[in-house]
Amino acid sequence: MLIIPESLIADLVSSEDAFTAVEATFAAMARGEAYNFPVVREALGEGRQYGFKSGLDRSGGQLGVKAGGYFPGNAAKGIINHQSTVFLFDPETGRPTAMVGGGLLTALRTAAASAISIDRLARPDANVLGMVGAGHQAGFQLRAAARVRKFQKVIAWNLHPDMLPKLAAIATELGLPFEAVPLDRMVEADVIITITSSPAASLMSAHVADGTHLACMGTDTVGKQEVEPALLGRASVFADEVAQSVSLGEAQHAVAGGLLDATAITPLGDVLVGRHPGRRSAAEITLFDGTGVGLQDLAVAAMAVRRAEERGLGSRVTV
Ligand code: NAD
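Residues numbered from 1 in each chain as written. Predicted model: local features only at pLDDT ≥ 70, side-chain atom pairs only at ≥ 80, totals over all residues. Heavy atoms only, no water.

Looking at an unreviewed UniProt entry, one finds the chain named Ornithine cyclodeaminase family protein, with Tabrizicola piscis as its source organism.

Printed below as a string of structure tokens:
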């Protein structure tokens, strides 16, 4: 098998690569050629979470698993809170083919998913990008979003305001004016990305104007929540995978509260393959519930493997 350490990923996979790979994955899911296996996610105590995301993509020839989780104490140790490794297997034989560092790949594939949703569902004239969250992942989401719309301004809110200057620096680097705002000013945003580890809703329905596109990316576990369920009742809801959206995504709360029927959630892949038109009017609120699926991880890891093989990088071991 080929071992590709985390340190090589930045040279092997770009955010454009991740966008292409994740788009292909969502389309393969919509065509029924790829499916995710049930997620295992366990609470280890003190906010630590660990689990496995896995799947099979027949079109891409990928079988594998990402093992990892969220360890909130890591930041104080100078390492990122998300830790993960992707293992790929030959779908015909089950032999392991690669072990790939999953940290940057997770960030890139998560940013790609929200950017794909913005590309396909936000109004073409979207001007103001609202960010709710300013942790490790927020900068990746901001950079990827800026590639798909010509935003004129970024407004941002974070529970911990001391984290906002880092996000402001990325906006400045992208040439975008940045303003820290209270949550009620999110009503000025045309696109809102939520990317927090919040256990309760921060963004309320009253904070969101008609015509907004939301990419809700932080809720990937039972019990997490970023937005008021009423917002999902008011929106056309899309998801990477409906089964994950209703069980561990943002939709878990609206479905449990009877504000949203699971059958009303559209896989984003349906938009990509032309089965669903996407946004239907300028006034419609569209909301993408991005829970993060194992197939995204396999797709970007497989891309890293292809690139590494082309360039003779990584280490080969026999297991
Ligand atoms: P991080 O620890 O670097 O940042 C956490 C963010 O959440 C910060 O902005 C922090 O201020 C905010 N926050 C913490 N507690 C909060 C609370 N009670 N209310 C509101 N905000 C709060 O984490 P990160 O790497 O930026 O990841 C953010 C979230 O995204 C995590 O929940 C993570 O599990 C999730 N995530 C999802 C995917 C996906 O595919 N959907 C992928 C990666 C990360």
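**Q** Is there a simple way to explain the site of the ligand in this structure?
**A** Near the ligand there are 27 residues, and of these Tyr70, Arg109, Asn158, His160 and Lys224 occur at the shortest range. Here an oxygen atom of the ligand and a backbone polar atom of Gln137 are 2.9 Å apart. Contact between the ligand and Asn158: an oxygen atom at 2.7 Å from a side-chain N or O atom of the residue. Protein chains shield 90% of the accessible area of the ligand, which is 850 Å² for the free molecule. When contributions to the shell around the ligand are tallied by element, the ones reaching two or more residues are helix H3 (103-121) and helix H4 (136-148). Considered class by class, the residues forming the shell around the ligand number seven nonpolar, 17 polar and three charged. Of the domains in this structure, domain 1 (2-106 + 295-316) and domain 2 (121-292) are the two that each give at least three residues to the shell around the ligand. (Near = heavy atom within 4 Å. Polar contact = N/O pair within 3.5 Å; in protein donor to acceptor, adjacent residues only side chain to side chain. Areas by Shrake-Rupley, 256 points an atom, 1.4 Å probe, with all protein chains shown as cover. Helix = DSSP H or I, 4+ residues; strand = E, 2+ residues; numbered from the N terminus. Nonpolar A, V, L, I, M, F, W, Y, C, P; charged D, E, K, R; others polar. Domains from an automatic or database assignment.)

**Q** When you look at the domain arrangement of the chain in this model, what are you seeing that I'm missing?
**A** We note that the domain assignment places domain 1 (2-106 + 295-316) and domain 2 (121-292) within the chain. Here domain 1 and domain 2 have C-alpha centroids that lie 23 Å from each other. Opposite the 19 residues of domain 1 that make contact, domain 2 presents 22 residues. For the pair domain 1 and domain 2, the summed buried area comes to about 1600 Å², and 60% of that belongs to carbon and sulfur atoms. (Contact = heavy atoms within 4.5 Å. Buried area = accessible area lost by both parts, 1.4 Å probe.)

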